[in-house]
Amino acid sequence: MVGYDPEAKCVSAVEAAAAGSASGFVTRVLVSPLDVVKIRFQLQIEQLSSRSPGAKYHGILQAVQRIFQEEGLRAFWKGHVPAQLLSVGYGAVQFMAFESLTKLVHNVTSYNARDSFVHFVCGGLAACTATVAVQPVDTLRTRFAAQGEPKIYCSLRHAVVTMYQTEGPWTFYRGLTPTIIAIFPYAGLQFSSYNILQQFSAWVIPAEGEKGGNVKNLVCGSCAGIISKTLTYPFDLFKKRLQVGGFEHARAAFGQVRMYRGLLDCMRQILQEEGPGGFFKGLSPSLLKAALSTGLIFFWYELFCSLLCTLKSTDSTTRKEG
């Protein structure tokens with residue numbers, strides 16, 4: 001169902017956008033707590049260890065407990081409104097672009113639209129398109145998830161106005177360079193790995209019918225998420241560090257802060273001060289999130305597409321009978 005299939009012309013680009021939005025919305029609600037923990041880890045300068053003096057967070061369970069004690073349950077959904085705008089918008093643009101691109105490849109080239117290499121390239125291009133479209137919302141989401149108490153931004157509107165007036169319009173695109181560099185291989189690996197795993201599962205467990213289809217989609221999506229996230233993780237960390245530039249005063253309660261002049265300076269400072277391991281801070285909650293979110297995204301997307309196909313089929317049958 002993911003990607004254009006000439007043998008099953010069922011989902012249009014608009015319907016793919018609707019299914020992508022719905023899957024993004026549901027998934028964001030479920031994985032938001034892990035996202036908040038991941039961002040806190042990524043932005044911490046101190047080592048993620050109880051032996052590191054001044055380190056606020058040491059591990060996932062300790063971070064969850066501390067955030068809950070200091071900020072309450074709602075803290076795990078900090079920045080949820082911009083995060084939902086991000087997920088809904090990103091899901092719509094990404095899946096619509098992916099379906100359109102794979103269809104274009106099938107119609108104007110000799111490549112098979114179901115080929116894994118085609119899914120890699122089209123998945124990467126679709127994600128780049130979606131990233132540029134929603135980058136301002138992603139920056140807002142990161143700022144909300146990163147701020148401590150007392151809050152710097154009281155509302156989404158207040159954040160937009162304050163950032164625009166104090167930092168200018170380009171602040172909404174902080175971290176775009178590492179994002180684009182990372183998102184192409186990340187999304188490409190997601191779609192191609194998912195495609196390969198689906199083909200492999202069909203070969204290992206042939207024709208089991210539709211009974212285990214949803215579980216298979218969830219497992220294949222989760223594995224694809226782990227593979228792609230592990231290989232491209234450092235660029236996600238660079239993006240988060242750059243997105244909170246000019247926001248250092250709100251980070252004082254969390255420990256040390258740093259100012260970076262750009263992507264290369266960010267990489268240099270992290271390597272010098274935090275070592276190679278600094279590039280993978282927050283990897284554990286990120287992998288958990290990647291496994292859950294990617295698995296759920298593909299699971300819900302396939303499910304919503306199937307529902308749309310069923311509704312169209314039922315409607316067509318009703319019209320014929322009428």
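Positions within a chain are numbered from 1, following the residues in the order the chain's sequence is written. Local features are withheld for residues below a pLDDT of 70 in this predicted model, meaning they are given only at 70 or higher, and side-chain atom pairs are given and counted only at 80 or more; totals for whole chains, interfaces and linings count all residues. Values shown for side chains rest on all heavy atoms present in the structure; no hydrogens or waters enter the calculation.

Going by the annotation in an unreviewed UniProt entry, the name recorded for the protein chain is Mitochondrial thiamine pyrophosphate carrier, with Stercorarius parasiticus given as the source organism. UniProt positions are given in the numbering used here, feature names are shortened, and annotations may be inferred rather than shown by experiment. Quoted verbatim from the Subcellular location (unreviewed entry) heading of the UniProt record, the comment on the protein chain is "Mitochondrion membrane". The Function (unreviewed entry) field of the UniProt record for the protein chain holds the comment "Mitochondrial transporter mediating uptake of thiamine diphosphate into mitochondria. It is not clear if the antiporter activity is affected by the membrane potential or by the proton electrochemical gradient."

1. Here we look at the overall build of the protein chain
Note on conventions: DSSP H or I runs of at least 4 residues are helices, E runs of at least 2 residues are strands, and numbering of each starts at the N terminus. Broken down by element type, the protein chain carries nine helices and zero strands. When its helices and strands are written in sequence order, the protein chain yields α-α-α-α-α-α-α-α-α. Each radius of gyration is computed over the set of C-alpha atoms, and the globule rule expresses the reference value as 2.2 Å times the number of residues to the power 0.38. Taken against the 2.2 N^0.38 rule, which gives 20 Å for 322 residues, the C-alpha radius of gyration of the protein chain at 21 Å falls within 12% of a compact globule. Viewed in the frame of its principal axes, the protein chain has a C-alpha envelope of about 70 × 40 × 40 Å. When burial is assessed residue by residue, the protein chain has 49% of its 322 residues classed as buried. A contact between two residues is defined here by any heavy atoms of the two lying within 4.5 Å. Within the protein chain, contacts between residues at least 6 apart in sequence are counted, and of these 79% link residues at least 24 apart. Per element, the accessible surface of the protein chain, about 15400 Å² overall, is 66% carbon and sulfur. Here the protein chain contributes 31 positively and 22 negatively charged side chains, and the mean placements of these two sets differ by 6 Å. Partly exposed describes any residue whose relative accessible area lies between the buried limit of under 20% and the exposed limit of over 50%, with all areas from a 1.4 Å probe on protein chains only and scaled to the type maximum. Using a 1.4 Å probe, the Shrake-Rupley method yields the accessible areas, and only the shown protein chains count as cover for residues. Counted charges follow a simple rule, with Lys and Arg positive, Asp and Glu negative, and His plus the chain ends left uncounted. A charge is said to be at NZ when it belongs to Lys, at CZ for Arg, at CG for Asp and at CD for Glu.

2. Thoughts on the environment of Lys 312
Inspection of the secondary structure assignment puts Lys 312 in helix α9 (residues 283-321). With a relative accessible area of 38%, Lys 312 lands in the partly exposed category. Separated by 264 residues in the primary sequence, Lys 312 and Leu 48 place their C-alpha atoms 52 Å from one another.

3. Observations concerning the domain arrangement of the protein chain
Note that the domain bounds reflect an automated or database-derived domain assignment. Domain annotation for the protein chain reports domain 1 (11-77 + 281-311), domain 2 (79-174) and domain 3 (178-206 + 214-228 + 261-280). Distance between the C-alpha centres of domain 2 and domain 3: 16 Å. Counting from both sides, the interface comprises 18 residues of domain 2 and, opposite them, 13 residues of domain 3. Accessible area that two parts lose when put together, evaluated with a 1.4 Å probe and summed over both, is termed the buried area. Both faces combined, the contact of domain 2 with domain 3 buries some 1200 Å², and carbon together with sulfur accounts for 73% of it. The largest share of the area that domain 2 buries against domain 3 comes from Ser 116, Phe 120 and Cys 128, three residues that together contribute 38% of it. Those elements that place two or more of their residues in the side of domain 2 that touches domain 3 are α3 (80-108) and α4 (116-146). Among the elements that take part in the side of domain 2 that touches domain 3, α4 stands out by supplying twelve residues, more than any other. The residue classification treats Ala, Val, Leu, Ile, Met, Phe, Trp, Tyr, Cys and Pro as nonpolar and Asp, Glu, Lys and Arg as charged. All others, Gly included, are polar. Of the residues belonging to the side of domain 2 that touches domain 3, the class tally is nine nonpolar, seven polar and two charged.

4. Considering the nonpolar core
Formed by 17 residues in total, the largest nonpolar core has its most connected members in Val 2, Phe 98, Phe 191, Tyr 194, Phe 298 and Tyr 301. It is α3 that provides the largest number of residues to this core, a total of four residues. Look past the residues within four positions of Phe 98 in its chain and what remains in contact with it is Val 2, Gly 3, His 119, Cys 122, Gly 123, Ala 126 and Phe 191. The definition of a nonpolar core used throughout is a set of buried Ala, Val, Leu, Ile, Met, Phe, Trp, Tyr and Cys residues joined through side-chain atoms within 4.5 Å.

5. Details of the side chain of Glu 274
When you line up the elements, Glu 274 lands in helix α8 (residues 263-274). Here a polar contact means two N or O atoms within 3.5 Å. Within protein one must be a hydrogen donor candidate and the other an acceptor candidate, and residues neighboring in sequence count only if both atoms are side-chain atoms. Within the structure, Glu 274 has its side chain in polar contact with the side chain of Lys 281 (distance 2.8 Å). Excluding anything up to four places from it in sequence, Glu 274 contacts Gln 44, Ile 45, Gln 47, Arg 241, Tyr 260, Gln 269 and Lys 281.

6. Observations concerning the pattern of salt bridges
Definition used for salt bridges: Asp or Glu carboxyl oxygen within 4 Å of a side-chain nitrogen of Lys or Arg. This structure, assessed with the given rule, holds 17 salt bridges. Measuring nitrogen to oxygen at the nearest pair gives 3.2 Å for the salt bridge that ties Lys 38 to Asp 236. Of this pair, Lys 38 sits in helix α1 (residues 13-43) while Asp 236 sits in helix α7 (residues 213-243); the two residues are 198 residues apart in sequence, bridging distant segments of the chain. The burial state of Lys 38 is the same as that of Asp 236; both residues are buried.

7. So, the packing of α3 against α4
All axes here are fitted lines through C-alpha atoms, helices being fitted over the stretch that makes contact, and every angle between N-to-C directions spans 0 to 180 degrees. With their axes 8 Å apart at the nearest point, α3 and α4 run at an angle of 165° to one another. Accordingly, the angle class assigned to the pair α3 and α4 is roughly antiparallel. Taken as a pair, α3 and α4 cross one another with a handedness that is right-handed. A per-class count over the contact of α3 with α4 returns 20 nonpolar, seven polar and two charged. Any angle that falls under 35 degrees is termed roughly parallel, while one over 145 is termed roughly antiparallel, one within 65 to 115 roughly perpendicular, and all others oblique. Helix crossings are classified by the rotation of the near helix relative to the far one: an anticlockwise turn of less than a right angle makes the crossing left-handed, while a clockwise turn makes it right-handed.

8. Remarks on the packing of aromatic side chains
Between rings of Phe, Tyr and Trp, where Trp is taken as its six-membered ring, a pair exists when centres lie within 6.5 Å; planes separated by under 30 degrees are stacked, by over 60 edge-to-face, and by other angles tilted. By the definition in use, this model includes 14 aromatic pairs. Look at Phe 191 and Phe 298: their rings are 5.6 Å apart centre to centre, the planes differ by 90°, and that puts the pair in the edge-to-face class. Here the residue Phe 191 occupies a position in helix α6 (residues 176-204), and Phe 298 occupies one in helix α9, the gap between them amounting to 107 residues. Judged by its relative accessible area of 2%, Phe 298 falls in the buried class. Each residue in the set Phe 95, Phe 98, Phe 191, Tyr 194, Phe 298 and Tyr 301 is aromatic and connected to the rest through ring pairs, giving one cluster.

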